[in-house]
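Commentary on secondary and tertiary structure
So the chains spell out like this:
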Amino acid sequence: MNPDVIVIGGGGAGLAAAATAAEAGAAVLLLESEREPGGSTQLSAGMFTAAGTGVQAGLGIEDSPERFFQHYMDLNHWMLNPGLIMAFCRNAAPTLEWLIGLGVEVPAAVSHNAHMPGLCQAGVEDVWRGHVPRDQGLGIVRTLVRACRANGVEIVPNTRVERLIEEDGRVAGVVADGLDVRARAVVVATGGLAHDRDLLERHYPAALRAGDDLFVVAAPGARGDHMRFGEQVGAAVAGDGQGLLLPTAYFQRLHHWQSGFPPKSRIHVNGHGRRFMDEDASYAVSGGIIDAQPGPVWAVFDERARLGLPPGYAHWTPEHVAREADAGRTARAGTLDGLAAAIGVPADALRAAVRRWNDTLPHGRDPDFRRHRTLANKGSDAHPDPIDQGPFYAVRMLPAELVCTHAGLEIDASARVLDAGGEASRACSRRARRARACSADGTSGAATRSRAPSRWAASRAAPPPRPPIRPPIRRPSRRLRPVDGRPPHPSHPHRGERHGEHDRRPRGQRYRTPHGPEGVAPDHADHRPALRVQLHGPCQHLVRAARHGERAGGHHGGVRHRVGDLLPRLRGVRDPQQHDHEAGRGAAVAGPDRDQLGHRDRPDRLRARRHAAVRGPDPAGRRGGGPVPRPAALPDAVVPDAGARTGDRGARAGAAGRDDPRQPHRRTDPRPRALARHEQLALGVHPPGRS
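Once a new chain begins, its residue numbering starts again from 1 and follows that chain's sequence as written. Per-residue local features of the predicted model are confined to residues with pLDDT of at least 70, and side-chain atom pairs are confined, for both listing and counting, to 80 or more; whole-chain, interface and lining totals are unaffected and use all residues. Hydrogens and water are ignored here; the side-chain numbers use all heavy atoms of the structure.

Quick word on the overall build of the chain
Numbering goes from the N terminus for both helices and strands, where a helix is a DSSP run of H or I of at least four residues and a strand is a run of E of at least two. For the chain, the helix and strand inventory stands at 20 helices and 24 strands. Relative accessibility under 20% of the residue-type maximum defines a buried residue, over 50% an exposed one, and the middle range a partly exposed one, all with a 1.4 Å probe and only protein chains included. Across the 691 residues of the chain, 52% fall into the buried class. Note on contacts: a residue pair is in contact if any heavy atoms of the two residues lie within 4.5 Å. Within the chain, counting contacts between residues at least 6 apart in sequence, those at least 24 apart form 70% of the total.

Topic: the nonpolar core
Only buried residues count toward a nonpolar core, which is a set of Ala, Val, Leu, Ile, Met, Phe, Trp, Tyr and Cys residues joined through side-chain atoms within 4.5 Å. Counting residues in each nonpolar core, the largest one holds 45 residues, and the members touching the most others are Val5, Val7, Leu15, Val28, Leu144 and Val153. Secondary structure elements with two or more residues in this core: β1 (5-8), α1 (12-23), β2 (28-31), α3 (65-75), α4 (82-102), α5 (136-150) and β10 (185-188). Take this core: its biggest share by element is 10 residues, from α4. Leaving out residues up to four positions away in the same chain, Leu15 has contacts with Gly10, Leu30, Pro37, Val141, Leu144, Val145, Cys148 and Ile155.

Some words on the sheet that holds strand β8 (residues 170-176)
Spatial strand order, β7-β8-β9: 3 strands in an open sheet with antiparallel pairing. Of all the strands in the sheet, just β7 (161-167) and β9 (179-182) have a single pairing partner and so form its edges. Averaged over all pairs of adjacent strands, the angle between their axes in this sheet comes to 35 degrees, without regard to strand direction. For β7 and β8, the ladder comprises 6 bridges, and the chain directions are antiparallel. Note on β8: the bridge partner recorded for Glu167 is Arg170. Against the sheet, helix α7 (residues 225-233) makes contact with β7 and β8, and its axis sits at roughly 25 degrees relative to β7, the strand it touches most. Strands pair, by our definition, only if DSSP identifies at least two bridges between them. Axis definition: a line fitted to C-alpha atoms, over the contacting stretch in the case of helices. Angles run 0 to 180 degrees between N-to-C directions.

Concerning the side chain of Thr374
Its place among the elements puts Thr374 in helix α14 (residues 371-377). Separated by 2.6 Å, the side chains of Thr374 and Asp278 make a polar contact. Here a polar contact is recorded for every N or O atom pair within 3.5 Å, except that within protein the pair must consist of a potential hydrogen donor and a potential acceptor, and residues adjacent in sequence are included only if both atoms are side-chain atoms.

What to know about the side chain of His268
Locating His268 in the fold gives a position in strand β14 (residues 267-269). The contacts of His268, once residues within four sequence positions are left out, are Arg274, Arg275, Phe276, Met277, Glu279, Val297, Trp298, Ala299 and Met397.

Description of the sheet that holds strand β5 (residues 130-132)
Strand pairing in a sheet is mediated by backbone hydrogen bonds. Such pairs are either parallel or antiparallel. Read across the sheet, 3 strands follow the order β3-β5-β4 without closing on themselves; strand pairing throughout is antiparallel. Edge positions in the open sheet fall to β3 (48-49) and β4 (118-120), since each of these has one partner strand only. Where β4 lies against β5, 3 bridges are found, and the strand directions are antiparallel. Directly across from Leu119, in β5, lies its bridge partner His131.

Topic: the pairing of β2
Side chains Val28 and Leu30 project from β2 onto one buried face, and the interleaved Leu29 and Leu31 project onto a second face that is buried too. Bridge analysis of β1 against β2 gives 4 bridges, and the strand direction is parallel. Counterpart to Val5 in the pairing with β2 is Val28. A crossover gets the label right-handed when its path from the first strand over the helix to the second runs clockwise, viewed with the strands pointing away from the viewer. As a crossover connection, the stretch from β1 through α1 into β2 is right-handed. Relative to strand β6 (residues 154-156), β2 runs parallel, the two sharing 3 bridges. Opposite Leu31, over in β6, you have Val156 as the bridge partner.

Here's the deal with the pattern of salt bridges
A side-chain nitrogen of Lys or Arg and a carboxyl oxygen of Asp or Glu constitute a salt bridge if their distance falls within 4 Å. Evaluation of the coordinates by the stated rule reveals 26 salt bridges. Between Glu279 and Arg371 there is a salt bridge whose closest N-O contact spans 3.5 Å. Of this pair, Glu279 sits in the loop between β14 and α9 (283-291) while Arg371 sits in helix α14, placing them 92 residues apart in sequence. Both residues of the pair, Glu279 and Arg371, belong to the buried class. Salt bridges sharing common partners tie together Arg266, Arg275, Glu279, Asp280, Asp366 and Arg371.

Concerning the packing of aromatic side chains
Stacked, edge-to-face and tilted labels apply to pairs of Phe, Tyr and Trp rings (six-membered ring for Trp) whose centres lie within 6.5 Å, assigned for plane angles under 30 degrees, over 60, and everything in between, in that order. Following the criterion strictly, the structure yields 10 aromatic pairs and no others. Here the aromatic rings of Phe69 and Trp78 are separated by 5.7 Å at their centres, their planes lie at 90 degrees, and the arrangement is edge-to-face. Residue Trp78 is classed as partly exposed on the basis of its relative accessible area, which comes to 41%. Ring centres of Phe301 and Trp316 lie 6.2 Å apart, and the angle between their planes is 65 degrees; on these two criteria the pair is classed as edge-to-face. With a gap of 15 residues between them, Phe301 in strand β15 (residues 297-302) and Trp316 in the loop between α10 (303-307) and α11 (318-326) connect regions that are remote in the sequence. According to the relative accessible area criterion, Phe301 is buried, its value standing at 0%. With relative accessibility at 0%, the residue Trp316 sits in the buried group. Taken together, the aromatic side chains of Tyr250, Phe251, Phe301, Trp316 and Tyr393 make up a single cluster linked through ring pairs.

Examining the confidence of the model for the chain
Looking at any residue, its pLDDT shows the predictor's confidence there, from 0 to 100. With 61% of its residues at a pLDDT of 70 or more, the chain shows a mean pLDDT of 74. Scored below 50 in pLDDT, residues 430-441 shows 68 contacts in the model against residues more than four places distant or in partner chains. Between residues 473-562, whose pLDDT stays under 50, and residues either more than four places distant or in other chains, the model counts 184 contacts.

Considering the environment of Glu162
Its location among the elements puts Glu162 in strand β7. Separated by 67 residues in sequence, Glu162 and Phe229 have C-alpha atoms that sit 9.0 Å apart. Not counting residues up to four positions away in its chain, the partners in contact with Glu162 are Val175, Ala176, Asp177, Gly178 and Phe229. Separated by 3.0 Å, the side chain of Glu162 and the backbone nitrogen of Gly178 make a polar contact.

Some remarks on the packing of α1 against α5
Contact geometry of α1 with α5 gives a least axis separation of 9 Å together with a crossing angle of 30 degrees. Here α1 lies roughly parallel to α5, going by the angle between them. Here the hand of the crossing between α1 and α5 comes out left-handed. Along the contact surface, α1 presents Gly12, Leu15, Ala16, Ala18 and Ala19, while α5 presents Val141, Leu144, Val145, Ala147 and Cys148. For the contact of α1 with α5, a count of residues per class yields 9 nonpolar, 1 polar and no charged. Just so you know how the angles are binned, under 35 degrees is roughly parallel, over 145 roughly antiparallel, 65 to 115 roughly perpendicular, and the rest oblique. Crossing handedness follows the turn of the near helix against the far one: under a right angle anticlockwise gives a left-handed crossing, and clockwise gives a right-handed one. Residues are grouped as follows: Ala, Val, Leu, Ile, Met, Phe, Trp, Tyr, Cys and Pro are nonpolar; Asp, Glu, Lys and Arg are charged; all remaining types, including Gly, are polar.

Brief notes about the pairing of β8
For β8, the buried fraction is high: 7 of the 7 residues fall into the buried class. What sits between β7 and β8 in their antiparallel hairpin is a turn of 2 residues, with Asp168 showing a positive phi close to 55 degrees. Examined bridge by bridge, β8 and β9 share 4 bridges and lie antiparallel to one another. In the sheet register, Val174 faces β9, and the bridge partner there is Val181. In sequence, β8 turns back onto β9 through a hairpin of 2 residues, with Asp177 there showing a positive phi of about 55 degrees.

Concerning the packing of α4 against α5
Contact geometry of α4 with α5 gives a least axis separation of 9 Å together with a crossing angle of 75 degrees. Overall, the two elements α4 and α5 adopt an arrangement that is roughly perpendicular. Contacts between α4 and α5 involve Trp98, Leu99 and Leu102 from the first element and Thr143, Leu144 and Ala147 from the second. The class makeup of the residues in the contact of α4 with α5 is 5 nonpolar, 1 polar and no charged.

So, the environment of Ala349
Here Ala349 lies in helix α13 (residues 347-359). For Ala349, a relative accessible area of 17% gives the class buried.

Rendered as structure tokens:
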């Protein structure tokens, strides 16, 4: 198999890269190390940060990429590459519109948090730019998978790339499952390194300061493979020391949408017993604020706040907080002075902080830290309660929820990897997690940056462009104009008008998509690989097997779901151990003989095969047998035909009452059935009373 482009990693970035390259006309192979595509994107809220979008215009918000760029650079103290960030800001909105065109739905409505569809405040920006789609990150993944399938991308799960293949100073392919797979371009989209402790020590040691309280919510595939590939080709690294750590309670071990949320009526105090921040500040800045404080940081609240915690969460519930206090891990005291002694802060400072809170925010204003404005942006109209009912509690807070890391291969504005000298490497293209502001959501960064290298990779492959297929693909009319001038077959009067998988003509002589010009058959044979598996065939089984492999013992429908099992079929080699039912499921393989693996048969083809059993073999080798001899005698004009009375198309058998070889698992019904009129005419049997 020689695809034009290989994409390593099937998260949001890899799927967007594969779909874009396929739209540009490249033959794409996507290798995913986990059981199914999606990565961290399918675990996220899917919030997409962009400026100047149609969703913003629908809400009357004026924004532009230039304003987005200014905010982005200011937030990061201008420590990032301005050219790269400007390219991202300019391409974010077109990428979002591309996703919406594929089927992602982002309503033009105000959203008060990152899990409510609509437009929300992504970070600390003055103009809201966070676009939250329906079904969140999982919805984006499903849409991209459909786009990949529609454009012929081959997705192979459970396959981790071991290394790159280098030839003459460029990457010529990859090694996966011990097999060499070559391509004209390689796109690396393997995500972060949150699940590799050694790489964390080298590139993001701040995460390890949380010690035993650290927990990771990134997808299991975030193991830093891109860093190892970069070392192999001598690529430069950018973004060291940067990532996203969310502030959490010490007892949390799950994302806050599973662990729960601390009470609204609380204050955060530092080692001096003083309140120092807006407790609902964006995660873009809150982790850094907490890290800058002297001593540990505590969330202080009272008994009324504890009892007001909603049920149904794993950690922030009244019962769990009480258990932690009983165990001595959460401080609890009947008075503020006793609580101050328990957490080691000055009692007068803690009393002053609580008194200041009770005099301000419960009355609707917070002149010190402006938290009333943050609460309003979150859609909270009710004022918090005073902190005045003992016992009082103090829970230690720290940045301990590791979402993602930003260290990656350094890229230019076209997302090409740079070497140690700052030159564009010939090795591979990379959608790196380039150093970016925490306020910029990973979904937008991944999808936006992944499309540029995909266009470049597709241009290197340089096949003639073909019209993109945008899902959902509607089935075209079953009767189209003849496209090759071939006269219809006598037994199939509309043979030359059938479409797609119902037409067994060579691939270059039939309609490939409904987008081709009328009367012209698009021919891709001159620039497509000689053998190429369409996604609705074997790969569909691979993805299904990956999702249900545990229940099916690692197999689903007899199709193994590793690249080592797929490649022989991609090269045209039939696996002798492959289950026979794959032909009945319609695994469409384009190659020298498209009938090797079979297609879903129409009733007329089933009848033709059944008649062939009566007629005998065709000496000319034509499908369906030779001329029909007039039988000497057929008593009562009946022939054995298993299962046809019940309407079970898959259980039909030949004239001798044998099982259908395409459905070996079906039972046969030996009862005879009267021939239909068209079958009697085809066999030369005239019904009684007719000449």
